[in-house]
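Remarks on the overall topology
Letter by letter, the chains look like this.
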Amino acid sequence: MAGARTPADITSLLMELSRALKGYQFYPDGHPRLKETLERSLRSWQSNLENFGPLELDIQRGSFRLTGSKLSFGKGTLDDLARELAIRGIRHMRAEPDRASESFQALMDLLQVEADVLLEEGGAAQWLIENRVLGLTLDEINLHQHLEEGPEEGLAEGPQAEDGAVGQELEHSPVVTDLREGHDTAELIPDEDTIDCPIERASDSAAEELLGFLDACRDDEPYEKLTQRLLVLFVDADSSYISRDRFKSLYTFQRHINEAGSRSAAQRSLARQSLITLCPEPIINELIQYSFSKSDGAQSDTAGILLELREHCARALIATIEQEQSPTRCEKIQEFLVGLGQPIVPVLQEVLEQGSPAHVRIAARAAGLLSATSAVPALCQLLQRQRDDICKEAVHALVRIGGRGALAALAEGLTSPQPKIASISAFGLGLWGSPEALGPLRARLHNVIDTAPAETVLDLIRAIGKIGRAEASSDLTEILYRRAFFRRKRLIQIQLGAVAALAKISSGGAQQALEEASRRGNGNVRKAAEDALEQLAARNP
């Protein structure tokens, strides 16, 4: 499986179910739009179950809760779906991946049955059994269980409510009545003794009042309930802009995360989860645009929220860098991305392996600046790419990261049969600049000096000169003493490269070799050696 479901995954899936329900209510049977809506919702349902495994939800007073989680989902668009399930007496549902299509269709059919009729005939679980539906469990009852236990044991009286009442009694319970009349639950609001505010006022409050209660709250349980109440005001997969109340909520949670002295670890952890829940991709993009709307850097409040999101906003930042036209802002956003630190490294690795070329370049740069050792294998793979810009970015990243793994990768690249990879690897070792990078270059030069194309040999010589170590002067001097009757033009090219490399080495051996070259051999080589001696004299007066 891909991993645990995030709040965004749950919200997106429930939104699709809600759209399918509304499609049934709005379009007549056979309408093309209804078919399109159902097919899209079914694909979302199948994909979610396939990627994350069984889906298990609790339905509580007009909201959803992932079984075992403390966060609720609902309100607004999703509240309608939760209400439709709740008034049918459904408190718990579980869908299995191997029968995703069947469970989706069963839910849609079930929601078309009038609640009164359904409850009178034994409830939703009884309906599933009578219709032979597999892959879906309602209120802990499924067809498999019914077949194993027998009808008398499994559902003799129809679905039971938590207090033992049958479905008919549940129909008239206060919970269902409240849902039908559109009341919000007051269950999420702490006792009056905990917060100095009347409960009646709190139950009808909007985000601003809830945030005031949240700021005053120091006990874990009421803090959790207030947080859940606040979240259902905002969790909406269609959110694409930051409202005033949403921003206040984001900023409040961001502050609470950093209040280690006055907030418990549980509250700060819940604040972080809530911050992530309130920031689906469109909201993150909005935060980024606002944070970097000026060329002089990020706006402090929104930047602080992005810092807390860390890996959850890394992909959006990479996409923004790609699209940014201003070099100044582009640089600022790149610095900000790197400033998110090590938590974003797994995201960078995924982009390096699967991203577009533009995103790969940005991720490689960030991985290098973060010295992300774990990204070395992915960066090594980039050396095999045909695009020069990606190869160069990968090499720069490997050099910044350093270490044996990166050095070994570049040394191995020298032996590649593809001239471009050998060239870029030599360039990287030259950037490395330390004696340990010199060994592979000297060894490779010795092996290919007579056989490789002149440009390949010159790449090795340039890298050796860039490192500038005195011990390499003997290899370069030996080149100046070579003679050739055939391929003389190639040899002169290589000798000119050796002279340029010797000019970067401040040692007696290098100067002596240049003095000798200035007095003998090819005229172009003599002239180049004289110029190199002048450079050395100017550099070391």
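Now for a look at the structure at hand.

Cut-offs and rules
- Residues numbered from 1 in each chain as written.
- Predicted model: local features only at pLDDT ≥ 70, side-chain atom pairs only at ≥ 80, totals over all residues.
- Heavy atoms only, no water.
- Core = buried A, V, L, I, M, F, W, Y, C linked by side-chain atoms within 4.5 Å.
- Buried < 20%, exposed > 50% of the residue type's maximum accessible area, 1.4 Å probe, protein only.
- Helix = DSSP H or I, 4+ residues; strand = E, 2+ residues; numbered from the N terminus.
- Contact = heavy atoms within 4.5 Å.
- Axes fitted to C-alpha atoms, helices over the stretch in contact; angles between N-to-C directions.
- Left-handed = near helix turned anticlockwise from the far one by under 90°.
- Nonpolar A, V, L, I, M, F, W, Y, C, P; charged D, E, K, R; others polar.
- Phe/Tyr/Trp six-rings, centres within 6.5 Å; stacked < 30°, edge-to-face > 60°.
- Lys NZ or Arg CZ within 6 Å of the ring centre and 35° of its normal.

1. Some thoughts on the nonpolar core
- Ranked by internal contacts, the top residues of the largest apolar core, which has 111 residues, are Leu337 and Leu379.
- Among the elements that make up this core, the one with the highest residue count is helix H23 (residues 388-401) (eight residues).
- If we ignore the near neighbours within four places in the chain, the residues touching Leu337 are Ala314, Leu317, Ile318, Ile321, Ile344, Ile362 and Ala366.
- Ranked by size, the runner-up nonpolar core spans 40 residues in total, among them Leu49, Phe64, Phe104 and Leu138.

2. Description of the packing of helix H30 (residues 508-517) against helix H31 (residues 523-539)
- At a minimum axis separation of 8 Å, H30 and H31 run at an interaxial angle of 145 degrees. Here H30 and H31 pass one another in a crossing that is left-handed. Residue-level inspection shows Gln511, Leu514, Glu515 and Ala517 of H30 in contact with H31, the latter providing Arg526, Ala529, Ala532, Leu533 and Leu536.
- Here the contact of H30 with H31 is composed, by residue class, of six nonpolar, one polar and two charged.

3. Examining the packing of aromatic side chains
- One pass over the structure, following the stated rule, counts three aromatic pairs.
- Centre to centre, the rings of Phe247 and Tyr251 are 6.4 Å apart; their planes meet at 0 degrees, and the pair counts as stacked. Linking Phe247 with Tyr251, this pair stays in helix H14 (residues 244-257), spanning four residues, or about one helical turn.
- With a centroid separation of 5.4 Å and 80 degrees between ring planes, the pair formed by Phe292 and Phe336 is classed as edge-to-face. Residue Phe292 is found in the loop between helix H16 (281-291) and helix H17 (300-309), and its partner Phe336 is found in helix H19 (residues 327-339); the two are separated by 44 residues along the sequence.
- A relative accessible area of 6% means that Phe292 is categorised as buried.
- Accessibility expressed as a relative area gives 12% for Phe336, which makes it buried.
- The aromatic ring of Tyr251 is capped on one face by Arg255, whose charged end is 5.6 Å from the ring centroid.

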